[in-house]
Amino acid sequence: MAAPHSASNYPLGSAVPPFTQHAISVSLPTWADNVGYEEGEKRVADAMVTGYPRFFIHLSIQKLARVCEQKFGAANEKCLLFPSKNIVDRCRSFMLDRASLAGTPTHARLVQYHICPEDTPLPSSQPTVELHIALFPADAWPFAKQFWQHTGLGISSRLADYCLSLLSAESPNSSVLSPTPPRAPFKALNKHYSVKRAPQSSSFGSALPPSSNPQDALSKDQSTYLEERYGRNLPVSAGSYAKRAMRRRIAGVLVRDNWEDCPHGPCAGAHDAEVGPSHRGVRDVTEDDVYLFSTGMSAIWMAHQLVLGARPPAKSVCFGFPYTDTLKILQKWGPGCHFLGHGLDSDIGTLETIIKQELSANPSAPPIAALFVEFPSNPLLRSANISLLRALADKYDFLLVVDETIGNLVNVDVLQYADIVVSSLSKIFSGDANAMGGSLILNPQSRHYATLKAYLSATYEDTYFDEDAVFMERNSRNFTRRVRIIDENTLAVCEYLRSRSISGGTSLPSPAIKEVFYPKYITPENYLSCKLPEGGYGGLFSLTFTSLAASLAFFDNMPFQKGPSLGTNFTLACPYTILAHYFELGWAAEYGVEEGLVRISVGMEEREGLLEGFKVALRAAEAAT
């Protein structure tokens, strides 16, 4: 396990992890860099070669979008790319609705772009790509980007690269496409969907900027080597095996989790792999109760769509201060939501008051449709009283949806209380920060299971690109072992930091740390009610400081990688409130999410070196107080 490195080793805007073509984080090494990113400072924007995929559109996707704009677009049109007709329809509907609400009606048109090997009849067993393109006026870009960010339903960078490899075979001299080794030619069958129009508005926002990808300097063979060497890739044909292996791993039904590869894919995904009763703590859970998605947010978005489609219409509840896009999904789709942003036991009384008021106003309608809660929450690491929420859900007949990303299935058992459990696989399940993914589990013991299962059976579509699934499955094989190491590292770090904090009762005359937000210290009784016997407290914690100067000094002097995301095998930190709520700092502070909060995801580094790195940062923070 590596020791921490100096932050200067990770230049502003570079990929995190370094030299990773499909990295899902980006280096923002100083507090000023993070502020500059939020403010669109040219110095920062010009340095960005990658970013978190739902916020920064990968350069390969940008390149493919420019190809599609040239081929199908009209003057001043931009586009976004999706893997299915259903998703692109949803994007257009969202754009038209939000633009209308904003008083700036717009229009969008859809194109189906089918890419397949030349002279191959359709349908074909050979690899093909079906892109679904949303084209819209450039001034409608902010609405399109909202859909991309909130839902996580856009195409992945690996799918974009595959499309570009096919396209370059047809147009080797294109000014848009960089040279790549020849591949089989293809033919494209193009289908324009009907256009829904409304009056155009005046310009606002900006669209995809043209840029070049430094990764293009690598040959295709070099890029493939890096993917296979560091991603431990399998042939893309193993996608279905990889997905089955992950579903079994998440369901907890593998009698022996075989890490080997069979001729057709991962042995854990083979048809004859030995499976048995789930160890998830709930009877009758099987791999068929697990659904995979391209991102964690798309799993959450689908959970909300499931609520809207399978239950009578009513507002949902967001319990606790969540990751920003979860709240946006609940607010922007459907009837809206009640937001109980503290997520404390005292808020459960408020919740029941809201329910009673809704029943009083309309006794024949359900008071709420569902309650969404993270366990524990991001970034305050609060754990809700899940058993009490379950009792209320049973009493008033609403669904309980739990996001277990931060707690993770190795440490906590939340499925026993939930109707639906969602998780971002992009985080600790993967660890390598080179692939995205999400999961949704139905609890077969839920009273609503049959209804939810029937709805998903009718509506679920697998849009998870096989190559992404292959990487995710390989990354996840040692998931449990990694979680144990990270849990122990995080506990050691938090014990040290808390000993020098105000909340920990330090005797220091001028402490820099106010509070260490970590499940062992924050609402511990609620966390312990779900903690597994061999589980830990997770790899994430947050710090607040006695001054903003101390926050800046601590962050800038941490000798670790710094950027968005969490659950990485290496330590990764960010000034969370700056990145997630820069333009609503006052609102976030009302819920205890302070401007100076620093969120840290601990990795697998050697423990003594890890602690020494935090000591360096803390000395700087204490000197700044």
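Before reading further, recall that the structure is shown in the block above.
Residues numbered from 1 in each chain as written. Predicted model: local features only at pLDDT ≥ 70, side-chain atom pairs only at ≥ 80, totals over all residues. Heavy atoms only, no water.

Q: How would you explain the sheet that holds strand S18 (residues 561-562) if you had to name every residue and give the values?
A: Spatial strand order, S16-S17-S20-S19-S18: five strands in an open sheet with mixed pairing. The open sheet has two free edges, formed respectively by strand S16 (513-517) and S18, since each of these has just one partner strand. The sheet contact formed by S18 and strand S19 (residues 572-574) spans two bridges and is parallel. Along S19, the bridge assignment pairs Lys-562 with Ala-573. Most of the contacts of helix H15 (residues 479-499) go to strand S17 (residues 540-545), to which it runs at about 15 degrees, and overall it touches S16 and S17. (Pairing = 2+ DSSP bridges. Helix = DSSP H or I, 4+ residues; strand = E, 2+ residues; numbered from the N terminus. Contact = heavy atoms within 4.5 Å. Axes fitted to C-alpha atoms, helices over the stretch in contact; angles between N-to-C directions.)

Q: Tell me about the packing of aromatic side chains, and name the residues and values.
A: Given two aromatic rings, their pairing is described by the distance between the two centres and the angle made by the two planes. Under the criterion given, the structure shown has 29 aromatic pairs. For the pair Tyr-52 and Phe-55, a centre-to-centre distance of 6.3 Å together with 50 degrees between the ring planes defines the contact as tilted. Its end group placed over the ring of Tyr-521, Arg-498 keeps NZ or CZ at 4.3 Å from the ring centre. When the ring centre of Phe-555 is taken as reference, the NZ or CZ atom of Lys-562 above it lies at 5.0 Å. (Phe/Tyr/Trp six-rings, centres within 6.5 Å; stacked < 30°, edge-to-face > 60°. Lys NZ or Arg CZ within 6 Å of the ring centre and 35° of its normal.)

Q: So what about the pairing of strand S12 (residues 370-374)? Which residues, and what values?
A: With five of five residues buried, S12 is to be regarded as a mostly interior element. For strand S10 (residues 316-319) and S12, the ladder comprises three bridges, and the chain directions are parallel. Of the residues in S12, the one forming a bridge with Val-317 is Leu-371. Here five bridges tie S12 to strand S13 (residues 399-403), and the two strands are oriented parallel to one another. Residue pairing in the sheet places Phe-372 in a bridge with Val-401 of S13. Regarding the hand of the β-α-β motif, the stretch spanning S12, helix H12 (residues 386-396) and S13 is right-handed. (Buried < 20%, exposed > 50% of the residue type's maximum accessible area, 1.4 Å probe, protein only. Right-handed = clockwise from strand over helix to strand, strands pointing away.)

Q: Describe the pattern of salt bridges, naming the residues involved and giving the relevant values.
A: Tallying each qualifying case throughout the model produces 33 salt bridges. Among the ionic pairs, Arg-500 bridges to Glu-622, the shortest N-O distance being 3.1 Å. Note that Arg-500 is positioned in the loop between H15 and S16 and Glu-622 in helix H20 (residues 607-624), a separation of 122 residues in sequence. The class for Arg-500 is partly exposed, based on a relative accessible area of 24%. Overlapping salt bridges, with partners in common, bring together Arg-249, Asp-257, Asp-261, Glu-473, Arg-474 and Arg-477 in one network. (Salt bridge = Lys/Arg side-chain N within 4 Å of Asp/Glu carboxyl O.)

Q: Before we move on, could you go through the nonpolar core and cite the residues and values that matter?
A: Residues Leu-64, Phe-82, Ile-133, Phe-136, Ile-420, Leu-440 and Leu-442 are the most contacted members of the largest nonpolar core, which totals 94 residues. A total of nine residues in this core trace back to one element, the largest contributor, which is helix H9 (residues 296-310). For Ile-420, the contacting residues outside a window of four places in its chain are Ala-303, Leu-306, Leu-400, Val-401, Val-402, Leu-440, Ile-441, Leu-442 and Leu-452. Val-373, Ile-441, Phe-554 and Ile-578 belong to the second-largest nonpolar core, a separate cluster that totals 83 residues. (Core = buried A, V, L, I, M, F, W, Y, C linked by side-chain atoms within 4.5 Å.)

Q: Can you break down empty space enclosed by the protein residue by residue, with the values?
A: Tallied over the full model, the rule gives five cavities of 30 Å³ or more. Estimated volume of the largest cavity: approximately 350 Å³. Lining the largest cavity are 29 residues; nearest its centre among them are Pro-53, Ile-155, Ser-156, Ser-157 and Met-436. Per element, the largest residue contribution to the lining of the largest cavity is three residues, and it comes from helix H6 (residues 157-170). Class assignment for the residues of the lining of the largest cavity results in 14 nonpolar, 12 polar and three charged. In this structure, the second largest cavity is lined by 14 residues; those nearest its centre are Ile-406, Asn-408, Ile-428, Gly-539 and Gly-567. Looking at the lining of the second largest cavity element by element, the count peaks at three residues for H15. Residues that form the lining of the second largest cavity fall into these classes: six nonpolar, seven polar and one charged. (1 Å grid on protein atoms, 1.4 Å probe; cavity = no way out; pocket = protein on both sides within 12 Å on 5 of 7 lines; lining within 4 Å. Points joined across faces, edges and corners; volume = space filled by probe spheres on them. Nonpolar A, V, L, I, M, F, W, Y, C, P; charged D, E, K, R; others polar.)

Q: Kindly report on the side chain of Ser-157, identifying the contributing residues and their values.
A: Tracing the backbone shows Ser-157 in helix H6. Once residues within four sequence positions are removed from consideration, Ser-157 is found in contact with His-22, His-58, Ser-60 and Ile-61.

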